Amino acid sequence: APLKSLVGLPDFQWSARQFMNASSYTYYRNGAAGEWSYRNNLEVFMRFKLRPRVLKDVTKIQDSIPTTILGHNFSAPFFIAPCARGGYAHPDGEVNFVKGAAAGDILYMASLYSSRSMDDITAAKGNSSQVLFQQVYLTENMTETQQLFRKIEAAGSKAIVLTVDGPGTGIRHRAARFGVGSANIDLNLLTWEKYHTLSNMTSLPIIPKGIQTVDDAREAVANGVKAIYLSNHGGRQLDGAPSSLEVALEIHQNEPDIFKQVEVYADGGVRYGSDVLKLLSLGVRAVGVGRPYMFSNIYGEEGVKRVTEMLKFELINDAANGGIGDLKKIGPEWVDWRALNGW
Ligand code: FNR
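Starting from 1, residues in each chain are numbered consecutively following that chain's sequence as written. For this predicted model, a pLDDT threshold of at least 70 governs which residues receive local features, and a threshold of 80 or more governs which side-chain atom pairs are given and counted, while totals over whole chains, interfaces and linings are taken from all residues.

**Overview of the overall build of the protein chain**
Keep this limit in mind: Secondary structure elements are taken from DSSP: a helix is a run of H or I of four residues or more, a strand is a run of E of two residues or more, and numbering for both begins at the N terminus. Just to be clear, the radius of gyration here is over C-alpha atoms, and the globule rule we use is 2.2 Å times residues to the power 0.38. Residue burial is a threshold on neighbouring C-beta atoms within 10 Å of the residue's own C-beta, all placed from the backbone, with 20 or more meaning buried, 12 or fewer meaning exposed, and counts in between meaning partly exposed.
Counting secondary structure elements, the protein chain contains 14 helices and ten strands. A compact globule built from 343 residues should have a C-alpha radius of gyration of about 20 Å, and the protein chain, at 19 Å, falls within 12% of that. Within the span of the protein chain, comprising 343 residues, buried residues form 48% of the whole.

**What about the sheet that holds strand S8 (residues 227-230)?**
Applicable threshold: Between any two strands, at least two bridges found by DSSP are needed for them to pair. Between the N-to-C directions of two axes lies an angle of 0 to 180 degrees, each axis being a line fitted to C-alpha atoms and, for a helix, fitted only over the stretch in contact.
Taken in spatial order, the eight strands of this closed barrel run S3-S4-S5-S6-S7-S8-S9-S10, and their pairing is parallel. Put simply, the sheet's adjacent strands are angled 30 degrees from each other on average, direction ignored.

**Side note on the packing of helix H12 (residues 273-281) against helix H14 (residues 301-321)**
Stated formally: The handedness criterion is simple: a crossing whose near helix is rotated anticlockwise from the far helix by less than a right angle is left-handed, and one whose near helix is rotated clockwise is right-handed. Any residue pair is listed as a contact if its two C-beta atoms, each placed from the backbone, are within 7 Å. Polar here means any residue outside two lists: the nonpolar Ala, Val, Leu, Ile, Met, Phe, Trp, Tyr, Cys and Pro, and the charged Asp, Glu, Lys and Arg; Gly therefore counts as polar.
At a minimum axis distance of 8 Å, the contact between H12 and H14 shows a crossing angle of 65 degrees. In this structure, the crossing between H12 and H14 has a hand that is right-handed. Residues Gly273, Ser274, Val276 and Leu277 of H12 touch H14, and the partners they reach there are Leu311, Glu314, Leu315, Asn317, Asp318 and Ala319. Of the residues contributing to the contact of H12 with H14, the split by class is five nonpolar, three polar and two charged.

**Points about the UniProt feature "active site" (unreviewed entry) in the protein chain**
Condition: UniProt positions are given in the numbering used here, feature names are shortened, and annotations may be inferred rather than shown by experiment.
When the UniProt feature table is mapped to this numbering, "active site" (unreviewed entry) covers His233. Tracing the backbone shows His233 in the loop between S8 and helix H10 (244-254). Overall, His233 belongs to the buried group, with 26 C-beta atoms counted inside 10 Å.

**A word on unusual backbone geometry**
Most peptide bonds are trans, and most residues other than glycine sit at a negative phi. Despite not being glycine, Ala33 shows a phi value in the positive range, around 50 degrees. Its location among the elements puts Ala33 in the loop between helix H2 (22-29) and helix H3 (36-47). On the basis of neighbour counts, which here come to 18 C-beta atoms within 10 Å, the residue Ala33 falls in the partly exposed class. Its identity is not glycine, yet His233 carries a phi of approximately 65 degrees, on the positive side.

**As for the environment of Ser203**
Following the sequence through the fold, Ser203 ends up in the loop between helix H8 (192-199) and strand S7 (206-211). For the pair Ser203 and Phe149, spaced 54 residues apart in sequence, the C-alpha to C-alpha distance is 9.5 Å.

**Concerning the confidence of the model for the protein chain**
Which entries qualify depends on this criterion: What pLDDT reports is the predictor's confidence in each residue, on a scale of 0 through 100.
Averaged over all residues, the pLDDT of the protein chain is 95; the fraction at 70 or higher stands at 97%. Per-residue pLDDT, averaged within each element of the protein chain, yields its smallest value for helix H7 (residues 173-176) (84) and its largest for strand S3 (residues 78-80) (99). Complex prediction metrics read pTM 0.97 and ipTM 1.00.

**Things to note about the pairing of strand S9 (residues 263-267)**
Burial of S9 is extensive: five of the five residues sit out of reach of the surface. Side-chain alternation along S9 places Glu263, Tyr265 and Asp267 on one buried face and Val264 and Ala266 on a second face that is also buried. As judged from the four bridges shared by S8 and S9, these two strands associate in the parallel manner. If you follow Ile228 over to S9, its bridge partner there is Val264.

**Regarding the nonpolar core**
How we decide: Among buried residues, those of type Ala, Val, Leu, Ile, Met, Phe, Trp, Tyr and Cys that are joined through C-beta atoms within 7 Å form a set called a nonpolar core.
Core analysis: the biggest nonpolar cluster contains 90 residues, and Ile80, Tyr108, Ile228 and Ala248 have the highest contact counts within it. Residues within four places of Tyr108 in sequence aside, it is in contact with Phe79, Ile80, Phe97, Val98, Ala101 and Leu132.

**Comments concerning the pairing of strand S6 (residues 160-163)**
Short version of the rule: When the strands point away from the viewer and the connection leading from the first strand across the helix to the second strand turns clockwise, the crossover is called right-handed.
Judged by which residues are buried, S6 turns out to be covered on both faces: Ile160 and Leu162 on one side and Val161 and Thr163 on the other are all buried. Note that strand S5 (residues 132-136) and S6 share three bridges and pair parallel. Bridge pairing in S6 links Gln135 to Val161. In this fold, S5 hands off to helix H6 (residues 142-154), which returns the chain to S6; that crossover is right-handed. Relative to S7, S6 is paired through four bridges, and the arrangement is parallel. Each residue of the ladder has a partner; that of Val161, found in S7, is Ile207.

**Remarks on the environment of Asn41**
Counting through the fold element by element, Asn41 comes out in helix H3. Overall, the presence of 29 C-beta atoms within 10 Å leaves Asn41 in the buried class. The sequence separation of Asn41 and Pro242 amounts to 201 residues, and the corresponding C-alpha distance is 7.8 Å. Excluding its chain neighbours within four sequence positions, the residues that come into contact with Asn41 are Asn232, Gly234, Gly235, Ser243, Gly268 and Gly269.

Have a look at this one:
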């Protein structure tokens, strides 16, 4: 379908479904096992109704959309989540994410399992001031880790995003039927003790990605992290894992100060402006978007740019329609959370 005929983020999936070969499409689309977590990521947003306010001054909403992530300025509180194998959708692969992120002035977190090399990704930066974060998986081999960290620092990345939700292999039946395996991460012994060892090996902040309980959020804060990243890996690792919205709510109900102590990012199933708003209302600072960007890459850089424009447009107008005059002041009272009880 022509790019200009697409009207929202889900459209990119339908378009990619026709365009990509079945095994590549399935690798992107796949969730773990029965895909309950995958579906729940999408459906959870619909379970909570909004509490829109009217006759509020929303004329300046646009000015409050930009934000900072670990001190770096961006035009929106959402970013491109780290996803492997961008080359399945486009020959230029992740280069399009770097350029598209620059054009939209948003953050891109590059995956360690990118189709393009770290050098290619660095070279694609239009100017040296573009901020990228680098996602990593680690093995027990500390020499390798040391080398990887040096390479990431040399590339100019501003943070290391350490994925911690996948010490085992994600059981992905859909893709397995095509013979496509999931990233087989070593059953590495990643404890908080090892986290400190890793932190001492680099000057960059290391952000744990894949926090799924208030207990681990608490432990992360106690261990001095600068940020935590709530995620169930797009429902691709452990089926039955909660959505980030539920985890954010659990933190809000049990340890709300965490949102003030560290920056909290969240991803999974974000497809509409109102999804972003619901996460922000609990104190989440920035929201990651995975598959929509992956699918948009069938259109190359233009597709990536379009997703950013669409989501920004929805964010601004959903906020305005909900009576939010300042995105920085959105609070949990903007959403009716009662649906959580009796679930
Ligand atoms: C991912 N994700 C992921 N996460 C990570 O830390 N490292 C990785 O290499 C990958 N690779 C990857 C590939 C593909 C095809 C997908 C769809 C996802 C997870 C990703 O960062 C993010 O958590 C989810 O994609 C968010 O959910 P949505 O937006 O895809 O629903």
